[in-house]
Amino acid sequence: MKALVYLGPNKKTLDQRPKPEIAAPTDAIVKVSKTTICGTDLHILKGDLPSCQPGRVLGHEGVGIVDTVGKGVAAFKPGDHVLISCISACGKCMYCRKLMYSHCTTGGWILGNSIDGTQAEFVRIPYADTSLYRIPADSDEEALVMLSDILPTGFECGVLNGKVQPGSSVAIVGAGPIGLAALLTAQFYSPADIIMIDLDDNRLEMAQRFGATAVINSSDGKALDKVLKLTDQRGVDTAIEAVGIPATFELCEKLVAPGGTIANIGVHGTKVNLHLETLWSRNITITTRLVDAVSTPMLLNVVRSNKIDPKLLITHRFKLDQIMDAYETFANAAKTKALKVIIEA
Ligand SMILES: [Zn+2]
Ligand SMILES: [Zn+2]
């Protein structure tokens, strides 16, 4: 089968690989129909994630059809149409029992990381019963690919951890796919203000279409002043960090109002200054989280009822044969205006 293989920092190739086989009774092999590329895949390609070793098939998002199942799989059978969660959960360990699937002692985020992933014709899914989700036959596959990772991530790490409330004010720093997913799902709670902050006018324009009440291009260094002006000098109740660099986290530290929450989503590669000299008295909360994908069943229902349309995040479409071009397009988002790219396997 064809698969996108990581070969070490800045190296990848579309190669022929053997079709995966059942390795444990709880495994399923899924024939991938649609997958995508995540910002995290670009981090891997930069060499930022040592857990992902050369030779690995990348990708942790997708939908497909169950091809074969191990003897221990009870909930799925060949032919079932499924959504693949980016998080594999055994369902039994201490963390899984606490619904912290991301910290599953034998699972978590392993797909396209420590085991082969979804950017291929077939993928082996461990703990299939608790890591796959059945989808109705008439579902829009492309929309559901957004539910493997980015929607649960934006919702759980940004909106839930950020305690977005009716009538509250929210600032989201970073209008990439994850920031936009947080924007879409923040609206479940009807906050009064959702201010999107980014350097890219195209992404801010998208944010406006997705329901942002104000957008700020922060390239002039005046984002803080502008947010204070929009919030009667208070700052925001929820500041969501959706980039993963020191400057954007430190901006959140300045944007948050007394009593507010900074919800980090970004993958940080370097240390960030924590300004306790200004924050110690402000009753704030700082949260971090790796997505647990516990909200996936809820999000499937929301998408089915057309309350949100995650398909709006898709800007480009490719065949698996063109996945090298898809990476080029996704990695050069400022130029190509790419958000999420769909790859048809
Ligand atoms: Zn991802
Ligand atoms: Zn577990």
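Conventions adopted
- Residues numbered from 1 in each chain as written.
- Chains lettered and ligands numbered in written order.
- Predicted model: local features only at pLDDT ≥ 70, side-chain atom pairs only at ≥ 80, totals over all residues.
- Helix = DSSP H or I, 4+ residues; strand = E, 2+ residues; numbered from the N terminus.
- Rg over C-alpha atoms; globule rule 2.2 N^0.38 Å.
- Contact = placed C-beta atoms within 7 Å.
- Buried ≥ 20, exposed ≤ 12 C-beta atoms within 10 Å, placed from the backbone.
- Core = buried A, V, L, I, M, F, W, Y, C linked by C-beta atoms within 7 Å.
- Domains from an automatic or database assignment.

*Asks:* Where do I start with the overall build of the protein in this structure?
*Replies:* Within the protein one finds 13 helices and 15 strands. Computed over C-alpha atoms, the radius of gyration of the protein comes to 20 Å, within 12% of the 20 Å expected from 2.2 N^0.38 for 345 residues, which places it in the range of a compact globule. Partitioning the intrachain contacts of the protein with sequence separation of at least 6 by distance along the chain shows that 69% fall at a separation of at least 24.

*Asks:* I'm lost on unusual backbone geometry in this one. Help?
*Replies:* Its identity is not glycine, yet Asn283 carries a phi of approximately 55°, on the positive side. Counting through the fold element by element, Asn283 comes out in the loop between helix H10 (276-279) and strand E13 (285-287). Assessed through the 11 C-beta atoms surrounding it within 10 Å, Asn283 is described here as exposed. Non-glycine residue Lys337 carries a positive phi angle of around 60°. According to the C-beta neighbour criterion, Lys337 is partly exposed, with 15 such atoms within 10 Å.

*Asks:* What is the right way to read the nonpolar core from this model?
*Replies:* It is characteristic of soluble globular proteins that their nonpolar side chains tend to be buried jointly. Ile172 and Leu183 are the most contacted members of the largest nonpolar core, which has 106 residues in total. Considering each element in turn, this core owes the most residues, 7 residues, to helix H6 (residues 177-186). Each of domain 1 (2-149 + 292-344) and domain 2 (152-287) gives at least three residues to this core. Apart from the residues lying within four places of it in its own chain, the contact partners of Ile172 are Gly179, Ala182, Leu183, Ile194, Met196, Ile197, Ile240 and Ala242.

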